[in-house]
Amino acid sequence: MKRIVYREWSVAPHRYWALLGILAAVAGVGGLAALYMEHEGHWVTGMTNQVMWGVPHVFAVFLIVAASGALNVASIGSVFGKIIYKPLGRLSGLVAAALLVGGLLVLVLDLGRPERLIVAMTTYNFRSIFAWNIFLYTGFLAVVLAYLWTMMEHKGNPYTKHAGFFAMVWRLTLTTGTGSIFGFLVARQAYDTAVLAPMFIAMSFSYGLAIFMLVLMFTFDQDGRPIGQAVLYRLKNLLAIFIGGVLFFVLVYFITKLYMAKNTGLALFYLLDGGIYTAVFWVGWILAGSLVPLGIIFHPVRGKDPRWIAAACGLVILGGLASMYVIIIGGEAFPMQLFPDQTILASGFFDGVGGAPAHYAPSLWEVLLGLGGVAVAMLITAVGLRVLQFLPESLDDQTVDPDALAKA
Amino acid sequence: MANAVIRGSLLSVGLAGALCALAAQAAGDSHVVPGSRAATLEHCVAPTPFMRRNHMELLLHQRDITVHTGVVSTKYSIVDCVACHVSYTGEHKPIPINGEGQFCDTCHEDAAVQMDCFECHATVPVPAPKNGVAGGPHGGLVRDAVALSGSVLHPEGPEEGNRP
Amino acid sequence: MKETSERIDQQRRAFIATAAGGAAATVVPGVLLYTVAGAEPRSEPVTSAVRWGMLIDTAKCADGCSACVTACDEENGLNLQQKPEGESEEKWERQKSVWIRKVRVRDNLSGHISNLPLMCQHCEHPPCVDVCPTGASFKRADGIVLVDRHTCIGCRYCMLACPYKARSFIHERVESKLSRVPRGKGCVESCTLCVQRRDDGEASTACADACAREGHKAIVFGDIKDSESPLSRRLASMATRQIREDLALNTGVRYSNV
């Protein structure tokens, strides 16, 4: 590989400021939505005492999971020594940190009492995986910053492998912790399973890489920098593997749940008669989010076209949001089985009368808050790219891997 | 030299101001609202200057004790603070204690310290409902406050008197 | 500065000198105030010598009766809840706080119908306490599971974790609340086994009293650890179970005939 030159993102100033302006506006609107929800109280949202985690948590968990996965590219370069990934390491770190900040922001702003964040940061119950996650999330930022330093500062280069290994272990722990937020809960049949931890790890790889690829392709395209086939095809095939990984865990999840008499109801709820949750699962997660992107990636013609590859990445992201919706909100909506083999005829607190799922309709404020978090993540990325040298000047085949070209 | 003179004069001005403030406190500019039970008493559960500086510490400490160990028989109960310091309208209706110009506001407005106690805690004494057993200390204090101020607050239903 | 510290010292001396007198002075009005026999406000911390619990005999629970719910609402100020202006009734029903609810179930095989009140089960191993990031959800020494609203950040994780869906989140500004039951926007709450009554030396919970007043006597409240208490004797005399007993949470609330 030739020596890689990194340069700041240099699109025309007016376009850059326009981009910043749009992102700042979306972030600002998200902030105002959060302020409104905090001031009035959560009655303005669609969240209720039956579905208490809604669209903000869908976005927050998605962003946090994707953040952990976005660092994957850097890990493959630093820890596993795949040379072709090394030029991508810096961008990978930036995107990972940015996504995490965005996700954390949405999570914190949705609290019933966000002004008590200081309490959350100083008072801990260490039996709670949520408390551990607070450390894992904030620590992740510190770890990524250190990792970036080793990559970007010449003096730090000898330590990149060590920092990379540490960051990799940290993010796998973080994603395990995020999956365990749900996996540890005995209360709800949709959760209560150890397979959620590795499933979340697989999802992080998939969604993080999809976002990373979109950012890479967009920034290079805007700045006229080339991405060669060697890098692009490598990344898209990797994405296919990760999508497959998620599908595997989904399959295992459902086969296991279907096998157990007590969980058959839940499995069929997701697969057949869950109304919107079934629709979002099949159309959003499986079809649009997994099978169609796989189809694109392995298509002999479309799979080689950067625009189609970008479309596949976009679909994976939408599928990711759909997956979070199904898991989190679907899991809450499914009636809690308080009396197995009995039917609840009436309840003063919406206990799934006649097996009916809980009602939830997202409000505008929740969606705005979620989008605001995405905008903050993109804003941080945009500013970082412009100010520091995260992006390689070129990723074309000659720069990246002359040997591959010689073989071809 | 000039620096020393400036610093010296600033220091003296500051000292004088501090002394004036202390003198004012000692001279007893009371923040207790007329019409409240507190207005009839010499001082609070501790001397006024102590309470002014430390009431938050007392409340913070006591609330943990009450919530975690159940001890409610204490002179630092916020419920009793409210019952004693709340004032009443001409028609003997209690005025919410965190209202403008009321007891808490007179200091907290100047000090620009926002308090959120009354997002959860009742701003007027609201007695326990009478459906069987009569209330304990909080109910008792309300009855006493009621007797002292001649209010016609009913101990049965908390329908009135609690809206700001 | 010297004068200032002298002033403080004087104040400290005065405080210590009057503390003894003040203590006596504060006790006396208290003695005068408490005229109700047996209503002893708690002055010693709770211990684990006691564990509060309940037995609900669903055979005695009457269909269509909600006296326990009404009593709980009155006792805890839940009947003061007001729908925020501009919200639909339907959404308000789903967002307002409910600490105890009546549930009617029918057995799928036999068709037998049971009625029962359902509230926080005050588990010995509460999942809500395990998951709370700040420790606001905690179990008191005497077994009552509570939310410390000073520490609660309103994350609603405990609501997700509760196997009985017992917790409620306060979605709106609370304008009216009782002195003994503070509650406010942004925190989570659930049945407290009438902790304000526990700490005032009252014998029972509002729901148990209301059920007895209605003549059903389906709810028995008492001390599980006292083998002589009416509750313990009842528990020993009949087959009872926990709801979702497979979770092995050792709930303080037990049910019979369901």
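Residues numbered from 1 in each chain as written. Chains lettered and ligands numbered in written order. Predicted model: local features only at pLDDT ≥ 70, side-chain atom pairs only at ≥ 80, totals over all residues. Heavy atoms only, no water.

## Considering the overall build of chain A
Then, in step 1: A tally of helices and strands in chain A yields 15 helices and 3 strands.
Then, in step 2: Relative to the globule expectation of 22 Å for 408 residues, the C-alpha radius of gyration of chain A, 22 Å, shows essentially globular dimensions.
Then, in step 3: Counting only C-alpha atoms and orienting by the principal axes, one finds that chain A spans roughly 70 × 45 × 40 Å.
Then, in step 4: Relative to its 408 residues, chain A shows a buried fraction of 58%.
Then, in step 5: In chain A, the share of contacts with a sequence separation of at least 24, taken over all contacts with a separation of at least 6, comes to 80%.
Then, in step 6: Carbon and sulfur atoms make up 71% of the accessible area of chain A, which totals about 16,100 Å².
Then, in step 7: Across chain A, 24 positive and 20 negative side-chain charges occur, with their mean positions spaced 10 Å apart. (Helix = DSSP H or I, 4+ residues; strand = E, 2+ residues; numbered from the N terminus. Rg over C-alpha atoms; globule rule 2.2 N^0.38 Å. Buried < 20%, exposed > 50% of the residue type's maximum accessible area, 1.4 Å probe, protein only. Contact = heavy atoms within 4.5 Å. Areas by Shrake-Rupley, 256 points an atom, 1.4 Å probe, with all protein chains shown as cover. Lys, Arg positive; Asp, Glu negative; His and termini not counted. Charge placed at Lys NZ, Arg CZ, Asp CG, Glu CD.)

## Digging into the packing of aromatic side chains
All names here are of chain A.
Then, in step 1: This structure, assessed with the given rule, holds 28 aromatic pairs over all chains.
Then, in step 2: Taken together, a centroid distance of 6.0 Å and an interplanar angle of 35° make the contact between phenylalanine 182 and phenylalanine 200 tilted. Placement of phenylalanine 182 in helix α7 (residues 160-183) and of phenylalanine 200 in helix α8 (residues 196-223) is noted, with a sequence separation of 18 residues between them. The same class applies to phenylalanine 182 and to phenylalanine 200, which are both buried.
Then, in step 3: The rings of Tyr253, Phe254, Phe269, Tyr270, Tyr277, Phe281, Trp282, Trp285, Tyr325 and Phe334 are connected pair by pair, giving a single aromatic cluster. (Phe/Tyr/Trp six-rings, centres within 6.5 Å; stacked < 30°, edge-to-face > 60°.)

## Quick notes on the sheet that holds strand β8 (residues 219-223) of chain C
All names here are of chain C.
Then, in step 1: The strand order across the open sheet built from 3 strands is β8-β1-β9, with neighbouring strands paired in mixed fashion. Looking along the sheet, the strands with just one partner apiece sit at the ends: β8 and β9 (253-256). Within this sheet the neighbouring strands show an average axis-to-axis angle of 20°, counted without direction.
Then, in step 2: Each of β1 (52-57), β8 and β9 touches helix α8 (residues 230-237); the most contacted strand, β8, lies at about 115° to it. (Pairing = 2+ DSSP bridges. Axes fitted to C-alpha atoms, helices over the stretch in contact; angles between N-to-C directions.)

## Describing the interface of chain A and chain C
Then, in step 1: Taken together, the 56 residues of chain A in the interface contact 59 residues of chain C.
Then, in step 2: Of the roughly 5,100 Å² buried where chain A meets chain C, counting both sides, 55% is carbon and sulfur surface.
Then, in step 3: On the chain A side of the interface with chain C, the three residues burying the most area are A:Trp43, A:Asn49 and A:Phe349, jointly 15% of the side's total.
Then, in step 4: Remark: the boundary between chain A and chain C carries 5 salt bridges.
Then, in step 5: Note that C:Arg101 and A:Asp351 form a salt bridge whose closest N and O atoms lie 2.8 Å from each other.
Then, in step 6: Seen at the junction of chain A and chain C, the total is 43 residue pairs in polar contact (both at pLDDT 80 or more).
Then, in step 7: Considering every element that reaches the side of chain A that touches chain C, the biggest residue donor is strand β2 (residues 342-347) of chain A, with 6 residues. (Buried area = accessible area lost by both parts, 1.4 Å probe. Salt bridge = Lys/Arg side-chain N within 4 Å of Asp/Glu carboxyl O. Polar contact = N/O pair within 3.5 Å; in protein donor to acceptor, adjacent residues only side chain to side chain.)

## Quick look at the side chain of C:Lys102
Then, in step 1: Within the element layout of this structure, C:Lys102 appears in strand β2 (residues 100-107).
Then, in step 2: No salt bridge is formed by the buried C:Lys102. Its closest oppositely charged neighbour is C:Asp63, at 6.1 Å.
Then, in step 3: Not counting residues up to four positions away in its chain, the partners in contact with C:Lys102 are A:Ala346, A:Ser347, A:Gly348, C:Cys61, C:Ala62, C:Cys65, C:Ser66, C:Cys68, C:Val69, C:Asn115, C:Leu116 and C:Pro117.

## Notes on unusual backbone geometry
Residue and element names in this part refer to chain C.
Then, in step 1: One non-glycine residue, cysteine 194, lies in the positive phi region at around 50°.
Then, in step 2: Positionally, cysteine 194 belongs in the loop between β7 (188-189) and α6 (195-198).
Then, in step 3: Judged by its relative accessible area of 7%, cysteine 194 falls in the buried class.

## Some words on the environment of A:Ile344
Then, in step 1: Residue placement: A:Ile344 occurs in strand β2.
Then, in step 2: A:Ile344 gets classed as buried once you look at its relative accessible area, which sits at 7%.
Then, in step 3: Separated by 72 residues in the primary sequence, A:Ile344 and A:Leu272 have C-alpha atoms spaced 21 Å apart.
Then, in step 4: Not counting residues within four places of it along the chain, the set of residues in contact with A:Ile344 comprises A:Phe339, A:Asp351, A:Gly352, A:Val353, A:Gly354, C:Val103, C:Arg104 and C:Val105.

## Overview of the pairing of β9(C)
Residue and element names in this part refer to chain C.
Then, in step 1: Residues of β9 alternate between two faces, with Val253 and Tyr255 on one and Arg254 and Ser256 on the opposite face, all of them buried.
Then, in step 2: Inspection of the sheet shows β1 paired to β9 by 4 bridges, in the parallel sense. When the sheet's bridge partners are listed, leucine 55 is paired in β9 with arginine 254.

## Notes on the packing of helix α4 (residues 89-109) of chain A against helix α6 (residues 129-152) of chain A
Residue and element names in this part refer to chain A.
Then, in step 1: Where α4 meets α6, the closest approach of the two axes is 9 Å, and the angle between their N-to-C directions is 160°. Here α6 runs roughly antiparallel to α4, going by the angle between their axes. Considering only the axes of α4 and α6, their crossing is left-handed. Contacts between α4 and α6 involve Gly89, Arg90, Gly93, Leu94, Ala96, Ala97, Leu100, Val101, Leu104 and Leu107 from the first element and Tyr137, Thr138, Phe140, Leu141, Val144, Leu148, Met151 and Met152 from the second.
Then, in step 2: Taken together, the residues of the contact of α4 with α6 sort by class into 14 nonpolar, 3 polar and 1 charged. (Parallel < 35°, antiparallel > 145°, perpendicular 65-115°, else oblique. Left-handed = near helix turned anticlockwise from the far one by under 90°. Nonpolar A, V, L, I, M, F, W, Y, C, P; charged D, E, K, R; others polar.)

## Here's the deal with a nonpolar patch on the surface
Then, in step 1: On the surface, A:Trp282, A:Val283, A:Leu287, A:Leu291 and A:Val292 cluster together into a nonpolar patch covering about 440 Å² of accessible area.
Then, in step 2: Looking at where A:Leu287 falls in the secondary structure, it is placed in helix α11 (residues 276-298). (Patch = residues over 30% accessible without salt bridge, like charges linked within 9 Å, V, L, I, M, F, W, Y side chains within 5 Å.)

## Some thoughts on the packing of helix α2 (residues 55-70) of chain A against α4(A)
Residues and elements named next belong to chain A.
Then, in step 1: Where α2 meets α4, the axes come as close as 8 Å, and the angle between the chain directions of the two elements is 160°. Relative to α4, the element α2 lies roughly antiparallel. Between α2 and α4 the crossing geometry is left-handed. Residues Pro56, His57, Ala60, Leu63, Ile64, Ala66, Ala67 and Ala70 of α2 form the contact with α4, whose own contacting residues are Ser92, Val95, Ala96, Leu99, Leu100, Gly102, Gly103, Leu104, Val106 and Leu107.
Then, in step 2: When grouped by side-chain class, the residues that make up the contact of α2 with α4 number 14 nonpolar, 4 polar and no charged.

## Quick look at helix α10 (residues 261-273) of chain A
All names here are of chain A.
Then, in step 1: With 13 residues, α10 should reach 18 Å at 1.5 Å per residue; the first-to-last C-alpha distance of 17 Å fits that figure.
Then, in step 2: In the structure, α10 departs most strongly from a straight axis at alanine 267, where the bend amounts to approximately 30°.
Then, in step 3: Asn263, Leu266, Ala267, Phe269, Tyr270 and Leu271 are the residues of α10 that are buried.
Then, in step 4: Against the buried residues of α10 lie α9 (229-259), α11 and α12 (306-333).
Then, in step 5: One or two steps after α10, the chain reaches glycine 275, where phi turns positive at roughly 60°. (Expected span 1.5 Å × (residues − 1). Bend = angle between axes of the 7 residues up to and from the residue.)

## Re the sheet that holds strand β3 (residues 113-119) of chain C
Then, in step 1: In space, the 3 strands of this open sheet follow the order β2(A)-β2(C)-β3(C), with antiparallel pairing throughout. If you trace the sheet from one side to the other, it starts and ends with β2 of chain A together with β3 of chain C, each paired once. With direction set aside, neighbouring strand axes in the sheet form an average angle of 35°.
Then, in step 2: Sheet analysis places β2(C) next to β3(C), joined by 7 bridges and oriented antiparallel. By the bridge assignment, C:Arg104 is partnered in β3(C) with C:Asn115.
Then, in step 3: The sheet contacts of helix α2 (residues 67-75) of chain C involve β2 and β3 of chain C, and relative to β2(C) the element is tilted by about 160°.

## A look at the confidence of the model for chain C
Then, in step 1: The predicted model of chain C averages 90 in pLDDT, with 87% of residues at 70 or higher.
Then, in step 2: Model confidence for the complex is summarised by a pTM of 0.88, with the ipTM given as 0.94. (pLDDT = per-residue confidence, 0-100.)

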